[in-house]
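Below, each chain spelled out in residue letters.
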Amino acid sequence: MLKVGVLGAGHLGKIHLRLLNQSEKYELVGFYDAFEENANKVAAEFGYKKFDSIADLIAAVDVVDIVTPTMQHFECAKQVIEAGKHIFIEKPISNTVAEAEEIITLAKKHNVKGQVGHVERFNPAFTAVKDKINNPMFIETHRLAEFNPRGTDVPVVLDLMIHDIDAILSVVKSKVKSVNASGVAVISDSPDISNARIEFENGCVANITSSRISMKNMRKSRFFQKDAYISVDYLDKVCEVVRMKDAPEVPGDFDMILQNAEGVKKQIYFDNPQVDANNAILDELETFADAINNNTTPIVTLEDGTEALRVAHMIIQSMEK
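In short, a report on the structure. Since we're looking at a predicted model, the values are computed, not measured.

For the rest of this paragraph, the subject is the overall build of the protein chain. Along the backbone of the protein chain there are nine helices and 14 strands. Here the C-alpha radius of gyration of the protein chain, 22 Å, is about what a compact globule of 321 residues would show, namely 20 Å. Considered along the principal axes of its C-alpha atoms, the protein chain spans approximately 75 × 45 × 40 Å. Out of the 321 residues belonging to the protein chain, those deemed buried represent 50%. Counted over contacts in the protein chain with a minimum sequence separation of 6, partners at least 24 positions apart contribute 68%. For the protein chain, the accessible surface area stands at approximately 15,700 Å², while carbon and sulfur atoms represent 48% of it.

Put into structure tokens, the structure is as follows:
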């Protein structure tokens, strides 16, 4: 079992503390939170050991889970890595791309592993179809959330859209060619709703919409590729794979047949995989433990987190234009 400590005991930090405490791959040593009142409350309510400084926590563990506000990610990560400890760092990896690249450089220099908390990579609906997504050429995503003041210190692109940016970059094996985006600040000082069109060098286009002022929650992606349509509902954890193949000469009574203008007939059929229930946050934390123990590459690398942040900043810059 790896000894782990958590930096930050806010809403998400408390979830991480609970899951690490029940994990069989970690020994939860304790946590540090800069807000003394909150730290005392968490320690009293849950019984976790409270550390008085970041340095004391780092010295007592093998792995540090950074769940602080984004503005503090870089300084925390730098301190942890320079002490030779592995880092799990919540998304977005850092506030700027330059900081993220420095985190990568430091991790290589000190020979430590890092993983970024892009939790939708572990959503069972996404993992069930990921291997079936093959060279998609058009992607459409909607991530709509009811208003919650907790995330409004950053633009909706860094709060919500970055989930979909990372998922898309993980399945499109091509470099980003161009980005066009627009956004509107309705309640916050930064955009609350945004739409981005990302074009890749291989011709793939991704159309991404994110909002944190919606009347209802929605987290859906649709992937269109040659002879297949794949949908992922991250919220309800269901997926659908619709495929096409050459129609049989004598179709069955219940076969769905399409015929195009050239007279070519195709049969539509469903190839829906089984979705196994899981706790995505626990999975991302435990697969990181596996990567450390087995000396393998984490599922969401520091480089992955940096690329997602880079594209997110391209979208923000396009909105500002």
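In this section: the pairing of strand S9 (residues 205-211). With respect to burial, S9 is a largely interior element, six of its seven residues being buried. In this sheet, S9 lies alongside strand S6 (residues 138-144) in parallel orientation, the contact comprising seven bridges. Each bridged residue has a counterpart across the sheet, and for Phe-138 the counterpart in S9 is Val-205. With seven bridges connecting them, strand S8 (residues 193-200) and S9 associate as antiparallel partners. Of the residues in S9, the one forming a bridge with Glu-199 is Val-205. Adjacent in sequence and paired antiparallel, S8 and S9 are bridged by four residues, among which Gly-203 carries a positive phi angle near 100°.

Moving on, we come to the packing of aromatic side chains. The final tally for this structure, using the stated rule, is five aromatic pairs. When the centroid spacing of 5.9 Å and the interplanar angle of 45° are considered together, the rings of Phe-138 and Phe-224 count as tilted. Within this pair, whereas Phe-138 is found in strand S6, its partner Phe-224 is found in strand S10 (residues 218-225), the two being separated by 86 residues in sequence. Judged by relative accessible area, which is 30%, Phe-138 ranks as partly exposed. Through successive ring pairs, a cluster of aromatic residues spans Phe-138, Phe-224 and Tyr-229. One Lys or Arg, Arg-143, reaches over the ring of Tyr-234 and ends 5.3 Å from the middle of that ring. The ring of Tyr-269 has Lys-245 sitting right over it, with the charged end atom 4.9 Å from the ring centre.

Considering only enclosed or pocket space, the second largest pocket measures out at about 290 Å³ in volume. Around the second largest pocket, the lining is made up of 15 residues, and of these Leu-169, Ser-170, Val-172, Ser-174 and Glu-307 lie nearest the centre. Within the residue set of the lining of the second largest pocket, elements represented by two or more residues are helix H7 (156-171) and helix H9 (302-320). With five residues, the top contributor of residues to the lining of the second largest pocket is H9.

Read across the sheet, five strands follow the order S2-S1-S3-S4-S5 without closing on themselves; strand pairing throughout is parallel. Each edge of the open sheet carries a strand with a single partner, namely strand S2 (26-32) and strand S5 (114-117). When the angles between neighbouring strand axes are averaged without regard to direction, this sheet yields 20°. In the packing of helix H1 (residues 11-22) onto the sheet, the strands contacted are strand S1 (2-7), S2, strand S3 (63-66) and strand S4 (86-90), and the crossing angle to S2 comes to about 150°. Packed onto the sheet, helix H8 (residues 280-294) meets S1, S2, S3, S4 and S5 and runs at close to 155° relative to S4.

So, about the environment of Arg-243. Among the structural elements, Arg-243 can be located in strand S12 (residues 238-246). In sequence terms Arg-243 and Ala-34 are 209 residues apart; their C-alpha atoms lie 52 Å from each other. Not counting chain neighbours up to four residues away, the residues in contact with Arg-243 comprise Lys-132, Asp-227, Ala-228, Gln-267, Ile-268, Tyr-269 and Asp-271. Only 3.0 Å separates the side chain of Arg-243 from the side chain of Asp-271, close enough to count as a polar contact.

Here we take up the sheet that holds S9. Taking strand neighbours across the sheet as the criterion, the nine strands line up as S7-S8-S9-S6-S10-S11-S12-S14-S13 in an open arrangement whose pairing is mixed. Strands at the two margins of the open sheet, each flanked by one partner only, are strand S7 (176-184) and strand S13 (256-259). Between one strand axis and the next, the sheet turns by 15° as a mean value, whatever way the strands run. Where S10 meets strand S11 (residues 228-233), six bridges bridge the pair, whose relative direction is antiparallel. The partner of Gln-225 across the bridge, within S11, is Ala-228. Relative to S9, H7 is tilted by about 155°, and along the sheet it contacts S6, S7, S8, S9 and S10. On top of the sheet, H9 reaches S7 and S8; it is set at about 55° to S7, its chief contact.

Scoring rules and cut-offs
Residues numbered from 1 in each chain as written. Predicted model: local features only at pLDDT ≥ 70, side-chain atom pairs only at ≥ 80, totals over all residues. Heavy atoms only, no water. Helix = DSSP H or I, 4+ residues; strand = E, 2+ residues; numbered from the N terminus. Rg over C-alpha atoms; globule rule 2.2 N^0.38 Å. Buried < 20%, exposed > 50% of the residue type's maximum accessible area, 1.4 Å probe, protein only. Contact = heavy atoms within 4.5 Å. Areas by Shrake-Rupley, 256 points an atom, 1.4 Å probe, with all protein chains shown as cover. Pairing = 2+ DSSP bridges. Phe/Tyr/Trp six-rings, centres within 6.5 Å; stacked < 30°, edge-to-face > 60°. Lys NZ or Arg CZ within 6 Å of the ring centre and 35° of its normal. 1 Å grid on protein atoms, 1.4 Å probe; cavity = no way out; pocket = protein on both sides within 12 Å on 5 of 7 lines; lining within 4 Å. Points joined across faces, edges and corners; volume = space filled by probe spheres on them. Axes fitted to C-alpha atoms, helices over the stretch in contact; angles between N-to-C directions. Polar contact = N/O pair within 3.5 Å; in protein donor to acceptor, adjacent residues only side chain to side chain.

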